[in-house]
Amino acid sequence: MIPYLEKRAEHSQTMVYLSPFIALALTMLGGIILFSMLGKSPTQAMHAFFVAPLTNLYGWAELGVKASPLVLIGVALSIGFRAGVWNIGAEGQLTLGAICGGCVALWFYQVDSVFVLPLMMIGGILGGMFWASIPAFFKTHFNANEILTSLMLTYVALLLLSLLVHGPLRDPDGFNFPESRIFHEAATLPIILSGTRLHLGAIFALIAVGGIWLLLSKSLIGFQVKVIGQAPAAGRHAGFSVNRIVWFTLLLGGGLAGLAGIFEVSGPIGQLLPSISPGYGFTAIIVAFVGRLHPVGSLFAGLLIALSYLGGENAQITLNLPIAVTGVFQGMLLFFLLACDVLIRYRIRFSSASGLRHD
Amino acid sequence: MMETNDFEHKSLLELRNMTRSYPGLLANDQVNLTLNKGEIHALLGENGAGKSTLVKMIYGVLKPDSGQILWQRKEKLIASPAVARELGIAMVFQHFSLFDSLTVYENIVLGLEAHQVGDNLDERIVEISQKYGLPLEPDRHVYSLSVGERQRIEIIRCLLQNPKLLIMDEPTSVLTPQEVEALFETLRRLCHEGMSILYISHKLDEIKALCEHATILRHGKVVASVQVQDETANSLAAKMIGEEFSAVSMTAAHPTGELRFVVDQLDYLATDELSVSLKQVCLEVRGGEILGIAGVAGNGQDELLGVLNGEIRTTPTSAIQINGKGCADLGPDQRRSLGLASIPSERLGHGAVPGLTLNENTLLTAHERIGLVRMGLINYQKSEEFGLQVIRDFDVRCHGIQAEAGSLSGGNLQKFIVGREINQQPSVLIVSQPTWGVDAGAAQAIRMALRKLADSGAAILVISQDLDELIQISDRLAAICSGVLSKAQTTAEVTMEQIGLMMSGVETVEDETKK
């Protein structure tokens, strides 16, 4: 009995939805093996990871805090991935959004006006869009691979932020620590659940989910995204411009990543630091795929991945596990998901050892 | 009586109850076939009838689910093409496996087993090529050869192995009429020397001209095994299609209307080595008229379609005119609003998106002319109404408007695409390979729909490699060769020989020297 893969006549819709759950189960199994090998009780570790963080309201609010940037970026990336535009540099676009929005906040330091926050958000969006426009330009003019350009620009952005907080944006009263001033009241995001850190960004993440769902299901440009992602030649025959879609998806991804960036620094963090994100821009790629490149799917996937951040922190405190466990968990989830996705197009069959098949 | 007995003794290959299934499809169902020594045996059937599956099993590429293969009256298990070659079975595939950047000689060496190469291989190549009328220069590079010459390499490669059986899969689909005649001459000579040939085709004239026996497949089953001389082309067609085949000529005298589509000295410079430049293309199509463009694949047809439908933009604007308006620099959607519609030859991925529903595929090209988008938002209900009308009008068999385009059979999807364009009532329609890979019933329906559209006053340009089809439906014929378009001639007055010359570019060259 040798298992082999047989191509399905049609894609399995069941597997499209089942695959994330199988992947999640396999990730849990992988986690149990991992914890056993580390000498920890698997039940205790699983509890610390997935249950303990959600035992009170504060925990749920923290889930929202972590999920907001993931969902915001994840839905935007899923549009690009559907079009076959592989923007891997959302982390850099997030950073640029934080820099530009942060500069607005520091420029208007101590100015008490309701316009400061909206201006910061616009600054953040424009910053992210600017950073994403660089790979878009190179892709449309020189056919440069956006995976490489957008990824490499991420490191440029991180170094730029480091340069700025070590130099021009450093807090003059900050004893030479590499940090900016702490944003004043008018430049800080309002909290929407008192006693927690849940901020306005969560609302925007939900709006983004709804907006992009509408875009994909009802608008011509959303339709163009689907067509060009699946069959570029059919798109050209219909008169859709591939370059326009490259620009649109990269600018949308960059803009929402930039918005997520300014939400981070004006919300939970409250100032510019050399490091402002635990890799939200990269993790959002997992969110997009686990969410089946669907806005609503991305919402749930964002919550799940956010839980892995919280669980990782909690496991670090209560079980003395290294923080790398979070990354391992997220990596396993993506790995198993991509593996399970094979079953959308193939099914497993068993044959006797002698049954040679040539196709 | 003696002769029949003798015949049975000469059996070279016998297939008994060969069966092979794919997921969701029984490709071969209890197929029996007997092939004698020294005969040319036709395997006849429509696309998808199971011909390729059957020969792949004979050649050891596919393993049958059940059934027996008797080779020289002994049962054999042909587990791989190497085993088949050892027995003496050689095959020329429809798609060649040649390296463009290598020479003829190098390609032949690569295809042989080490022990077959020997010292005097070049001499043997020359000997075989002279003996069987397969002229080839061993030192030429493959990229500089015509399709016919490339096929000769494959044939010589097979003959060097001294096969007893030569299988040829649709060998003439890419050849000019002259090249076909030369190939037939070669095959007859081989057969005269005692080689057996299994000839796969769906072209009835060829089978009448070449073969003695024919085994006819339909939906994976043998429906008839006949002596070709006892049959007419019509009776063979009837057996192949399963209904009485009506080969009505559809080029009645048509009053030609106003000038709808004009191409005036259109040039297009190829952007890479694999595409073909178009040189000084001129043509005119009037309302009510179908202009056919013949030509062997790869002579600029794809580029011509792209330039004409707007996927490739050119200058000057006036080089292409739709209803008198210059549009060479406009995109596909702008040309659509001027009255153009186009159907590319590749259904999946070009004419339609396989992973999207029929409703979404309706939207793909109809959104402009039918007005399915308002303020950037899609009116899916209106597109559904339009799509359902197409499905009804063109008898598209599918699980409704929400079926994925990729789930339809080739013929049904093609009917849908053709219907989608025709129902937009274009004044100019450009079609490439309208019935390629489509079963005969659907092909006939599509041709009639094209004729009907022309009769209602539209100008139609058909680019096709199927000469029979062009002769059947077009009022005038031209041919494209190396990016140069010949002058169009009235179909009723042109001979097969003239068309062959046009397709090989001779007519145009003579024309130029006269000037």
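Residues numbered from 1 in each chain as written. Chains lettered and ligands numbered in written order. Predicted model: local features only at pLDDT ≥ 70, side-chain atom pairs only at ≥ 80, totals over all residues. Heavy atoms only, no water.

Quick notes on the overall build of chain A
Phase 1: Helices and strands together make up the secondary structure of chain A, namely 13 helices and 2 strands.
Phase 2: For 359 residues, the compact-globule estimate of 2.2 N^0.38 gives 21 Å, and the C-alpha radius of gyration of chain A, at 22 Å, lies within 12% of that figure.
Phase 3: Dimensions of chain A along its principal axes, counting C-alpha atoms only, are 80 × 60 × 35 Å.
Phase 4: For chain A, the exposed area adds up to about 16100 Å²; of that, 70% sits on carbon and sulfur atoms.
Phase 5: If the 18 positive side-chain charges of chain A are averaged to one point and the 14 negative ones to another, these points end up 15 Å apart. (Helix = DSSP H or I, 4+ residues; strand = E, 2+ residues; numbered from the N terminus. Rg over C-alpha atoms; globule rule 2.2 N^0.38 Å. Areas by Shrake-Rupley, 256 points an atom, 1.4 Å probe, with all protein chains shown as cover. Lys, Arg positive; Asp, Glu negative; His and termini not counted. Charge placed at Lys NZ, Arg CZ, Asp CG, Glu CD.)

Some details on the confidence of the model for chain B
All names here are of chain B.
Phase 1: The predicted model of chain B has a mean per-residue pLDDT of 85, with 92% of residues at 70 or higher.
Phase 2: Throughout residues 1-8 the model reports pLDDT below 50, and contacts reaching past four residues in sequence, or to other chains, amount to 2 contacts.
Phase 3: In the predicted complex, the global pTM is 0.74; the interface-specific ipTM is 0.81. (pLDDT = per-residue confidence, 0-100. Contact = heavy atoms within 4.5 Å.)

What to know about the nonpolar core
Phase 1: One finds Ile73, Met120, Phe223 and Leu272 of chain A together with Leu429 and Ile460 of chain B to be the most contacted residues of the largest nonpolar core, which totals 148 residues.
Phase 2: A per-element tally of this core places helix 3 (residues 57-82) of chain A first, with 11 residues.
Phase 3: Built from parts of two domains, this core gets at least three residues from each of domain 2 (250-339 + 427-515) and domain 3 (347-425) of chain B.
Phase 4: The residues touching leucine 272 of chain A, leaving out its near neighbours within four places in the chain, are Ala98, Ile99, Gly102, Leu106, Leu161, Val165, Leu169, Glu179, Ser180, Phe183 and Val265 of chain A. (Core = buried A, V, L, I, M, F, W, Y, C linked by side-chain atoms within 4.5 Å. Buried < 20%, exposed > 50% of the residue type's maximum accessible area, 1.4 Å probe, protein only. Domains from an automatic or database assignment.)

Some remarks on the packing of aromatic side chains
Aromatic ring pairs are reported here in terms of the distance separating the ring centres and the angle at which the planes meet.
Residue and element names in this part refer to chain A.
Phase 1: Summed over all chains, the structure comprises 18 aromatic pairs over all chains.
Phase 2: Residues phenylalanine 49 and phenylalanine 50 carry aromatic rings whose centres are separated by 5.4 Å and whose planes lie at 45 degrees to one another, so their mutual orientation is tilted.
Phase 3: By relative accessible area, which is 0% here, phenylalanine 49 ends up buried.
Phase 4: Among the aromatic side chains, those forming a connected cluster through ring pairs are Phe35, Phe49, Phe50 and Phe329. (Phe/Tyr/Trp six-rings, centres within 6.5 Å; stacked < 30°, edge-to-face > 60°.)

Observations concerning the side chain of threonine 95 of chain A
Residue and element names in this part refer to chain A.
Phase 1: As for its placement among the helices and strands, threonine 95 is situated in helix 4 (residues 90-107).
Phase 2: Reaching out from threonine 95, the side chain makes a polar contact with the backbone oxygen of glutamate 91 at a distance of 2.7 Å.
Phase 3: In this view, threonine 95 contacts Ala157, Leu158, Leu161 and Ile276; residues no more than four positions away in its chain are not counted. (Polar contact = N/O pair within 3.5 Å; in protein donor to acceptor, adjacent residues only side chain to side chain.)

Regarding the sheet that holds strand 3 (residues 40-44) of chain B
Residues and elements named next belong to chain B.
Phase 1: Read across the open sheet, the 6 strands follow the order 6-7-8-3-9-10; overall the sheet is mixed. With partners counted over all chains shown, the strands left at the sheet margins are strand 6 (89-92) and strand 10 (221-227), one partner each. Shown here is a sheet whose adjacent strand axes are inclined to one another by a mean of 20 degrees, direction ignored.
Phase 2: This element, helix 7 (residues 147-159), spans strand 6 and strand 7 (165-169) of the sheet and lies at about 175 degrees to strand 6.
Phase 3: Taken strand by strand, helix 8 (residues 177-192) contacts strand 3, strand 7 and strand 8 (196-201), and its axis lies near 145 degrees from that of strand 8. (Pairing = 2+ DSSP bridges. Axes fitted to C-alpha atoms, helices over the stretch in contact; angles between N-to-C directions.)

Looking at the interface of chain B and chain A
Phase 1: Listed as interface residues are 34 residues of chain B and, on the opposing side, 25 residues of chain A.
Phase 2: Together, the buried faces of chain B and chain A total about 2300 Å²; carbon and sulfur atoms form 60% of this surface.
Phase 3: Where chain B meets chain A, there are 1 salt bridge.
Phase 4: Taking the shortest distance from any N to any O, the salt bridge between lysine 226 of chain A and glutamate 360 of chain B comes out at 3.1 Å.
Phase 5: Connecting chain B to chain A are 7 residue pairs in polar contact (both at pLDDT 80 or more).
Phase 6: Elements with a contribution of two residues or more to the side of chain B that touches chain A: strand 1 (11-22), helix 12 (332-337), strand 16 (340-343), helix 13 (358-370) and strand 18 (377-378) of chain B.
Phase 7: At 5 residues, helix 13 of chain B tops the list of elements feeding residues into the side of chain B that touches chain A. (Buried area = accessible area lost by both parts, 1.4 Å probe. Salt bridge = Lys/Arg side-chain N within 4 Å of Asp/Glu carboxyl O.)

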